[in-house]
Amino acid sequence: MEDAISLSGLQRRFGEQTALAGLDLVLHRGEFLGLLGPNGAGKTTTLRMISCVDRPDAGTVRVLGCDPATDSPKILARMGVVPQELALYDSLTARENLDFFAGLYGMPTGQRRERVGWALEHAGLVDRASSRVGGFSGGMKRRLNLVAALMHEPELVLLDEPTVGVDPQSRNHLLEMIDGLRGKVSLIYTTHQMGEIERLCDRIAIMDQGRVVANGTLEELRIQAEDSLGGDHRLELQDGAQMERAMQILQREGVACSTISVGADLESIFLATTGKALRDGEA
Amino acid sequence: MFQTALHLVRKDLRIFFRDRTALLLALVLPIVLATVFGTAMKGMAGESSGGGIKPLPLLVEDRDDSEASRSLVARLEAQDGILVRKGTDAHSEVRNGDVAMALVIDKGYGEQSAAGKIPELRLLQDPSKMLSVQVLTARMMPALVQQTIGNAKGPLFRSFLADTGFPVAGIDRAEGMFQTMFDGMTGLAAELQHEEADGSQDAAVPTDAAKPAGGSGMDFLHDVPKLLGVKVEDVTQATTGPPKSAGVSHAFAAMAVMMLMFSMVAGAGTLLDEQDQGTLLRLRLVPRAGDAILLGKTLFLASIGALQLIVLFLFGMFVFDVPVLPNLFELAVISGATVFAVAGMGMLFATYSRTRKQLEGSSTLIILAMSALGGAWFPREMTPDLFQTLGKFTLTAWAMDAYHGVLWYGKRLWPAGELNGVWPQVAVLMAIGCVLLLLAKSAFGRRFGSVAG
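This is a predicted model, so every value here is computed, not measured.

The next point concerns the nonpolar core. Judged by nonpolar contacts, the single largest core of 108 residues is most densely connected at Leu 98, Leu 144, Leu 187 and Tyr 189 of chain A together with Phe 313, Met 345 and Leu 395 of chain B. Setting aside chain neighbours within four positions, we find Leu 395 of chain B in contact with Met 261, Ala 341, Val 342, Met 345, Met 370, Leu 429, Ile 432 and Leu 436 of chain B. If you look at the next biggest cluster of nonpolar residues, it comprises 30 residues, including Leu 23, Leu 76, Ile 188 and Ala 205 of chain A.

On to the packing of aromatic side chains, then. Under the defined criterion, the tally for this structure stands at eight aromatic pairs over all chains. Considering the side-chain rings of Phe 16 of chain B and Phe 17 of chain B, the 5.2 Å spacing of their centres and the 80° angle between planes classify their relative orientation as edge-to-face. An aromatic cluster is present here, built from Tyr 89, Phe 100 and Phe 101 of chain A joined pairwise through their rings.

On the side of chain B, 14 residues touch chain A, which itself brings 24 residues to the contact. The largest share of the area that chain A buries against chain B comes from Val 53, Leu 76 and Tyr 89 of chain A, three residues that together contribute 30% of it. Applying the counting rule to chain A against chain B returns three residue pairs in polar contact (both at pLDDT 80 or more). At the level of secondary structure, the elements contributing two or more residues to the side of chain A that touches chain B comprise α2 (68-77), β5 (79-82), α3 (94-103) and α5 (138-148) of chain A. With five residues, the single largest contributor to the side of chain A that touches chain B is α2 of chain A. Grouping the constituent residues of the side of chain A that touches chain B by class yields 19 nonpolar, three polar and two charged.

Further remarks concern a nonpolar patch on the surface. On the surface, a nonpolar cluster with roughly 620 Å² of combined accessible area is contributed by Ile 310, Leu 314, Phe 315, Phe 318, Val 319 and Phe 320 of chain B. Here Phe 315 of chain B shows up in helix α12 (residues 290-320).

For the rest of this paragraph, the subject is helix α3 (residues 67-78) of chain B. All names here are of chain B. Counted at 1.5 Å a residue, the expected span for α3 with its 12 residues is 16 Å, and the 16 Å between its end C-alpha atoms agrees. Among all positions of α3, only Ala 68, Ser 69, Leu 72, Val 73 and Leu 76 are buried. Down the axis of α3, the buried side of the element spans an arc of 140°, and every buried residue falls inside it. Looking at α3, the residues exposed on the side facing more than 90 degrees away from the buried face are Glu 67 and Ala 78.

Residue and element names in this part refer to chain B. Turning to helix α10 (residues 270-277), its buried residues number three or more, namely Leu 271, Leu 272 and Glu 274. What you see down the axis of α10 is that its buried residues fit within an arc of 155°, all on one side. Contact partners of the buried residues in α10: α9 (246-268), α11 (279-284), α12, α13 (328-352), α14 (356-373) and α17 (423-448). Following α10 by one or two positions, Gly 278 has its phi on the positive side, about 90°.

Okay, unusual backbone geometry next. All names here are of chain B. With a phi close to 50°, Asp 65 is a non-glycine residue in the positive phi region. Within the secondary structure layout, Asp 65 lies in the loop between β1 (56-62) and α3. In this model, Asp 321 sits at a positive phi of 55°, which is unusual for a non-glycine residue. When you line up the elements, Asp 321 lands in the loop between α12 and α13.

Inspection of the secondary structure assignment puts Leu 439 of chain B in helix α17. Distance from Leu 439 of chain B to Thr 351 of chain B, taken between C-alpha atoms, is 9.1 Å for residues 88 residues apart in sequence.

Turning to the sheet that holds strand β1 (residues 5-14) of chain A, a few remarks are in order. Residue and element names in this part refer to chain A. Strand order in the open sheet made by the three strands is β2-β1-β4, with antiparallel pairing throughout. Each end of this open sheet is capped by a strand with a single partner; those strands are β2 (17-27) and β4 (58-63). The average undirected angle you get between the axes of adjacent strands in this sheet is 25°. As defined by bridge partners, β1 adjoins β4 across five bridges and the pair is classed as antiparallel. Within β4, the residue paired with Ser 6 across the bridge is Arg 62. Strands in contact with helix α1 (residues 43-50) are β1, β2 and β4; relative to β1, the strand with the most contacts, it is inclined by about 120°.

Let's shift gears to the environment of Arg 13 of chain A. Residues and elements named next belong to chain A. Here Arg 13 is to be found in strand β1. The spatial distance from the C-alpha of Arg 13 to the C-alpha of Thr 45 is 10.0 Å, given a sequence separation of 32 residues. Excluding residues that lie within four positions of it along the chain, Arg 13 makes contacts with Thr 18, Ala 19 and Asp 57. At a separation of 3.1 Å, a polar atom in the side chain of Arg 13 contacts the main-chain carbonyl oxygen of Glu 16.

Residue and element names in this part refer to chain A. Sheet topology places strand β8 (residues 203-208) next to strand β9 (residues 211-216); five bridges connect them, and they run antiparallel. If you follow Ile 204 over to β9, its bridge partner there is Gly 216. Taken together, β8 and the strand that follows it, β9, pair antiparallel across an intervening segment of two residues, in which Gln 209 is found at a positive phi of about 50°.

Definitions and cut-offs
- Residues numbered from 1 in each chain as written.
- Chains lettered and ligands numbered in written order.
- Predicted model: local features only at pLDDT ≥ 70, side-chain atom pairs only at ≥ 80, totals over all residues.
- Heavy atoms only, no water.
- Core = buried A, V, L, I, M, F, W, Y, C linked by side-chain atoms within 4.5 Å.
- Buried < 20%, exposed > 50% of the residue type's maximum accessible area, 1.4 Å probe, protein only.
- Contact = heavy atoms within 4.5 Å.
- Phe/Tyr/Trp six-rings, centres within 6.5 Å; stacked < 30°, edge-to-face > 60°.
- Buried area = accessible area lost by both parts, 1.4 Å probe.
- Polar contact = N/O pair within 3.5 Å; in protein donor to acceptor, adjacent residues only side chain to side chain.
- Helix = DSSP H or I, 4+ residues; strand = E, 2+ residues; numbered from the N terminus.
- Nonpolar A, V, L, I, M, F, W, Y, C, P; charged D, E, K, R; others polar.
- Patch = residues over 30% accessible without salt bridge, like charges linked within 9 Å, V, L, I, M, F, W, Y side chains within 5 Å.
- Areas by Shrake-Rupley, 256 points an atom, 1.4 Å probe, with all protein chains shown as cover.
- Salt bridge = Lys/Arg side-chain N within 4 Å of Asp/Glu carboxyl O.
- Expected span 1.5 Å × (residues − 1).
- Arc of directions from axis to C-beta.
- Pairing = 2+ DSSP bridges.
- Axes fitted to C-alpha atoms, helices over the stretch in contact; angles between N-to-C directions.

Written as structure tokens, this is what we have:
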């Protein structure tokens, strides 16, 4: 079966600014891919290409086996996008919002009612179904924002920082909701929260300056990144109680040690790969 | 404290001068409106933009075509502030609102004049253009007085003296004295007119000062012409529905169009709200959504526009006797075309504006200017020629003409009797709507991309 998404040699410029500089990326069917990158790396432009909103200057795009340039209606009918903004109508109730978004896909009334019920249940908003969204907390809006993109049962889902500005509980609920889609959809997840990627994604692609600079599972990335992590060596301890004894031994033997790390975390890998300089102005 | 306050002022000024919309509303809008109002008021006061008297058109239908009638026409043509146009169907032109006033010189004018009688004239006027009527009446007076009294004064004066028992032997001398006095008054009148033309006096708009001292209650527009043998006829009284008021008709037409523009531009702003809150992106990700978004928004605007007009005209019907029911079909057609054109304008504003603030600033400027130029605030015929020309490019003018044509002149969609139909105005409004919507569609596609469509 063809990959859910296949991007090859994508280039896109906005005036003098290069947003994509030969991007290659694949999303396998049923896979959860984490897309990481500093501001301006080209993540948003990539998502715009996939979601048929923009076209590349060069390169090829295949989404669900179709070409966005000619088959965008087919793609869009099978794709759900959760934008970073809370794309909801504050003056409408949760139920009205969901019913509206389902209606956009031409769903019959009966099916629409059923899907709205499922979405409210899934988002934990049954009790607030008739409340206007304007009065919802950030977490409630985020949950509604997520299920609104799932009303037409898409097989490909793009999530653009879906947990921005929510408390830990809502974040956990959102991540559980997303995890619940496993096996039903192929998914791309962008965020600056490394923990979320670690928790959800099968594979991670790190972007910088318009191209993918690292790509693989978390373990693969760790191995790839060892060199760039400098001359550090990893000392794995069984538990925290051994830490003090290990330090004593190292000091007695005259081994200089500034940091003790229990395995490189994703954030270290990310920073080692993309550098620590601030990036302003996302493409 | 003062330092802090100054610090705040500096910050606010910096933000203000970077805000183009605020600058537009604070600095440009007052200048534009003052220019439009000032020039229009100057026109209404009788002055042209060059400082002289702005000539107003007077239609003259000379059915007599005698030496005397031609002489009267020549005097009128020589009169400052009157632009004589000769026609053959004065009644129809006034009835259709093409001219504010027409002078009809009927057959027999020359004979009556030669017989030393005060010859009869008919002045056809459109009461809905009272300002023009007043100014024109005042400007015609010198020519009428000179022509009418000048020709008939000798015989009239002799007859008057004989009737009052004046000694027959002194009648010739008395007539000579009267002639001297009349010539002096004619000279004074010419001198005063010259001063008016130089702008040293207010224009010839009749005011209370023009009434005889003591407040006799003389009606300048009717009584003075009557003394000169002029019969004044209002030719645009209602032919359908209840008695009408030109002011009410104008007010409802003007408010309908102007407020429709404001509310529909505000409605079109929901497109920018959707952009800000991210829902526009979600809409664009629906298959074949591009045209549907524009169509949906346009239909939404049409709905609120229709609702607004229905409420306004129902209120007008019940409270001000606006003749809605007898003109229901025409009003529905005109309203449909107006709503369509204004919806196109709203969508164009929304697709070209980056933010709602920008939309509100630019649209306020343009709507107010269009209202002024299009005749929503003051009669278009009183404004300078340039403004009248510019007015023709506003949808306000076409919509106003159509509404006023139906509500005041009793016009139908198609020509009926001597009345023209309002279909040309409706057609122009529809054409404006089509052009504006096509431009909006093009701007929408350029701005938001058409891939998702």
